[in-house]
Amino acid sequence: MGRGKSIKLIRKNQIIGFCSVISLATACAGGAAAQSGADSAADSARAKGVGQDETMIVTARRRAESIETTPVAVSAFNDKRVEELQADLLSGIQYATPNLYLDQGDASNAVIYIRGIGQNDSLAFADPGVGVYVDDVFIARSQAAFLELFDVDRVEVLRGPQGTLYGRNTIGGAVKFVSKQPPDDFHAYLEGGVGNFNSRELKGSVGGPISPGVLRGKIAFSAQRRDGFSRNAYDGQDDGDFRSFAGRGALRYTPTDRLEFRLSIDGRVDRPHTSRSPVLETSITGAPDPTDPTLLVTFPASADPYKVNVNANGLSDISAYGVALTSRYKASDSLTIESISSYRKFKFDLNLDTDGSPLPILDILLRQDEFQASQELRALYDGGGPLTFTGGLYYFHDDDDTFSGFDDGAATIFGFPVIAFGFPSSSLADTRQITNSYAAFADAALKLTDRIEASAGLRYTYEKRSSARSFENFFDPAISVIKNTPPFLQGAGVPGAPISGAADFDALTPKFSLSYRPTDSAFLYATVSRGFKSGGFDGRATTQFGFQPFKPEFVWSYEGGLKTTWFDGALIANAAYFYNDYTDLQVTSFGADPDSGAFVSLFTNAARARTQGVELEVYANPTDRLSITGTVGFLDAKYKKFETLIGGVVTDVSSRAMVNSPKWNASLGATYEQPIATGFVATLHVDGAYRGTAATEITASPVLTQRRYALLNAFVGLKTADERWEFRAGVKNATDRAVRVQGFNLSEFPGVQLGFYAAPRTYDFKLIYQY
């Protein structure tokens, strides 16, 4: 593809403000092959490139249509745009998308908020508010959802609830990763890089025809490692290192023009030396010898956000793999039948020091083993007339076993060790949770005139969930579940009373939209939709009373937008306004029992909320050598009702700021290419981002609130004119800004507030070859 057309492709792909997001087969990436129902049309658009007089073809509503005439808000990033953002991880796209927060949480989990709605609890019982999909397969566990970006065809961020065609756990939106299709022609790619913090990476892929015209294949991999960003004063070692290997392979089989199968498998193994530990934002007091109540030690708050002092950070292992079979049969020229069958396995082992000190005040053990399976069947009708239709059935099964525990023998209550009050010095628990979800959905669009279209959709979801917990408590400070976990329920401790529960939930989630094209370069739309997040059981509860099911979370969303194209496609400007009304918002609170002073956790439907805002995306291509991108997001997010326990008293806290909901966020980027000699092209890219003040946890503690900040990234590159070889030198967070991305307010027990920080300034050098 020529560079001029490639730049146009990026332009069209990047500023795709607000295309329709109600689809499990969305394909909103520039030049990307459409995966569901319109592969040939999207492939053709990619092959030609997207110039000023050409139209991007996407399948955002599971049918081929122009990206400029699809309703609802989507931001999409093709492989070129991902490279420009230097996005090695999924979090790398967050600042280029309005009203998106996406970063790594305390337990290696993806913390994703869109328009003020998400979930930062890492345990399995707390479903995400934003769903993550890999090649149209939902990823149930948030740790598995924090993806490495390689083998990228596109990444899409669907803003707003996706309750009709996506369903469960997309009440805030969805993030879709779409991998590259096995290519028709031989293609190879290899990328190697080194950087500060002793970082090293190697990425590669190879693919092509196995039996020309019938069978194609590909394999891709990514190996990354670096030292930790923080220094641990306890042992003098770095903390939070990264060591990961991920791979993906696929076969595409087309025995006839009407039949296609794609078999894909992916896997990931993380084996760092340490977990990622929090920084003491306030002081904490502990009892190094629980048998001596007069001996107390206080550890001060850290003056350096990248200096920790922890004893329980020696484990953070992830093993994950998945297999999926996508089948498509073109029954007639107007009807296509599709099937997506998947199975995924996930294992996670973690030690996390949630007191931030070198004493066992609240040290956490987690061993999680999960598998999920899903099956989707859908039919797509497009007879070339005014009516198009998508409908189908969906089944999802999830089986999660979480073995967890904690050491808190050095914790204090009212200035005395916890064992003085008869509380255990350590505990273990095993939690088994099983989910079965069933859904039927339909969505139809009708052209009333050449310029007016109305669409309506409906999804019914029925979900059954059961959960059971068993416990064992230890009253000997010499027993550590972190250092040497005793056999569970084998006599070493005192068994607790087991608890269990089962419940079912259902929901109807409709969607309606109306769109109007006043001219060929302008598009107006309005949508009304309902979203749903399932209920469940509090995975930290220790009593049967506390194990009562919490209710589903619902939202009604209203959105209107305008999409415009100017100067024969050289400028695209898209804007949207949204208003979301949430009920039974699921929230997590931590505190202390008012009578005993012991640690308690509460997960309830405590809140109602309202979010509204405006989003703007702009892409300008003044010349074939220069591209400019910009986004602005305004978010007004408020609780309408929020009551929780503070000191044992039900208290109205609706004046708190909502989590990860800055009022303003913006980004600006530019890429310029210049031929400098025969056969060589130089590239300069700069992008910056601004984010306003935001709460990082549910209490909106002033200590843990992240104040407004700006970030700057850049790279320079030199490549051959045929784009086979390229050298790059890049920097991220060039001003070395320390950004708090998550907080724990445990001020009631064990008496501390903790912060987790994003990466400081990093730089790297890369050499890329492709054929």
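Residues numbered from 1 in each chain as written. Predicted model: local features only at pLDDT ≥ 70, side-chain atom pairs only at ≥ 80, totals over all residues. Heavy atoms only, no water.

Q: Hey, could you run me through the overall build of the chain in this one?
A: Counting secondary structure elements, the chain contains 3 helices and 44 strands. Within the chain, buried positions represent 59% of all 771 residues. With an accessible surface of roughly 28300 Å², the chain has 60% of that area assigned to carbon and sulfur atoms. (Helix = DSSP H or I, 4+ residues; strand = E, 2+ residues; numbered from the N terminus. Buried < 20%, exposed > 50% of the residue type's maximum accessible area, 1.4 Å probe, protein only. Areas by Shrake-Rupley, 256 points an atom, 1.4 Å probe, with all protein chains shown as cover.)

Q: What is the right way to look at the sheet that holds strand E7 (residues 130-134) in this model?
A: By way of backbone hydrogen bonds, the strands of a sheet pair with one another, either parallel or antiparallel. Strands sit in the order E3-E9-E10-E7-E8 across an open sheet of 5 strands; the sheet is mixed. Of all strands in the sheet, those bounded by a partner on one side alone are strand E3 (73-78) and strand E8 (137-138). Across 6 bridges, the pairing between E3 and strand E9 (residues 152-159) is antiparallel. Following the sheet pairing, phenylalanine 77 is matched in E9 by valine 155. (Pairing = 2+ DSSP bridges.)

Q: Help me understand the confidence of the model for the chain in this model?
A: Detailed reading of predicted coordinates is not advised where the pLDDT is low. Across the chain, the average pLDDT comes to 89, with 90% of residues at 70 or higher. Scored below 50 in pLDDT, residues 1-57 makes 225 contacts in the model with residues more than four places away or belonging to other chains. (pLDDT = per-residue confidence, 0-100. Contact = heavy atoms within 4.5 Å.)

Q: Where do I start with the pattern of salt bridges in this structure?
A: Between side chains of opposite charge, a pair can form when the charged atoms approach closely. Under the criterion given, the structure shown has 47 salt bridges. Here aspartate 333 makes a salt bridge to arginine 258, at a shortest N to O gap of 3.4 Å. Residue aspartate 333 is found in the loop between strand E22 (316-330) and strand E23 (335-353), and its partner arginine 258 is found in the loop between strand E16 (242-256) and strand E17 (259-270); the two are separated by 75 residues along the sequence. On the basis of relative accessibility, which here comes to 64%, the residue aspartate 333 falls in the exposed class. (Salt bridge = Lys/Arg side-chain N within 4 Å of Asp/Glu carboxyl O.)

Q: I keep staring at a nonpolar patch on the surface and nothing clicks. Help me out?
A: A cluster of nonpolar side chains, contributed by Tyr329, Leu335, Ile337, Tyr381, Leu387, Phe389, Leu446, Leu448 and Leu514, occupies part of the molecular surface with about 750 Å² of accessible area. Mapped by element, the contributors of at least two residues to the nonpolar patch are E23 and strand E25 (387-407). (Patch = residues over 30% accessible without salt bridge, like charges linked within 9 Å, V, L, I, M, F, W, Y side chains within 5 Å.)

Q: Is there a simple way to think about the sheet that holds strand E43 (residues 752-757) in this case?
A: The 3 strands are arranged E18-E43-E42 in an open sheet whose pairing can be described as antiparallel. The sheet is open, and its two edges are formed by strand E18 (279-280) and strand E42 (740-746), each paired on a single side. Bridge count for E18 against E43 is 2 bridges, and the pairing is antiparallel. Across the sheet, residue leucine 280 finds its bridge partner in E43, namely leucine 754.

Q: Looking at this structure, I do not really get the environment of threonine 693. What am I missing?
A: Within the secondary structure layout, threonine 693 lies in the loop between strand E39 (680-691) and strand E40 (709-720). Separated by 31 residues in sequence, threonine 693 and proline 662 have C-alpha atoms that sit 5.4 Å apart. In contact with threonine 693, not counting residues within four places along its chain, are Pro662, Lys663, Thr705, Gln706, Arg707 and Arg708. Among the polar contacts listed, one links the side chain of threonine 693 to the backbone nitrogen of arginine 708, at a separation of 3.3 Å. (Polar contact = N/O pair within 3.5 Å; in protein donor to acceptor, adjacent residues only side chain to side chain.)

Q: Looking at this model, I keep getting lost on the nonpolar core. Mind explaining?
A: Among soluble globular proteins, nonpolar side chains are generally buried collectively. Counting residues in each nonpolar core, the largest one holds 42 residues, and the members touching the most others are Tyr582, Leu585, Tyr639, Phe642 and Met658. Mapped by element, the contributors of at least two residues to this core are strand E5 (110-114), strand E34 (571-592), strand E35 (599-620), strand E36 (626-646), E40, E42 and E43. For tyrosine 639, the contacting residues outside a window of four places in its chain are Leu585, Ala607, Arg608, Ala609, Ser654, Arg656, Ala657, Met658, Val659 and Ile698. By size, the runner-up hydrophobic cluster in this structure holds 34 residues, among which are Leu90, Ala96, Leu102 and Ala144. (Core = buried A, V, L, I, M, F, W, Y, C linked by side-chain atoms within 4.5 Å.)

Q: Before we go on, may I ask you to explain the environment of alanine 637 in this structure?
A: Inspection of the secondary structure puts alanine 637 in strand E36. Each C-alpha atom, one on alanine 637 and one on arginine 610, is 6.0 Å from the other, the two residues being 27 residues apart in sequence.

Q: What is the right way to look at the packing of aromatic side chains in this model?
A: The geometry of two aromatic rings is summed up by the distance between their centres and the angle between their planes. In total, this model carries 26 aromatic pairs according to the counting rule given. Ring centres of phenylalanine 197 and phenylalanine 229 lie 4.9 Å apart, and the angle between their planes is 85 degrees; on these two criteria the pair is classed as edge-to-face. Remark: phenylalanine 229 occurs in the loop between strand E13 (215-226) and strand E14 (230-232) and phenylalanine 197 occurs in the loop between strand E11 (187-195) and strand E12 (199-211); sequence separation between them is 32 residues. Between phenylalanine 403 and phenylalanine 488 the ring centres are 5.4 Å apart and the planes differ by 75 degrees, which places this aromatic pair in the edge-to-face class. (Phe/Tyr/Trp six-rings, centres within 6.5 Å; stacked < 30°, edge-to-face > 60°.)

Q: How should I be thinking about unusual backbone geometry in this particular structure?
A: What is expected of a backbone is that most residues other than glycine have negative phi and most peptide bonds are trans. Cis geometry marks the peptide bond from phenylalanine 749 to proline 750, where omega comes out at 5 degrees. You can see proline 750 is positioned in the loop between E42 and E43. Positive phi is not limited to glycine here, since phenylalanine 197 has a value of about 55 degrees. Not every positive phi belongs to a glycine, and asparagine 198 is a case in point at roughly 55 degrees.

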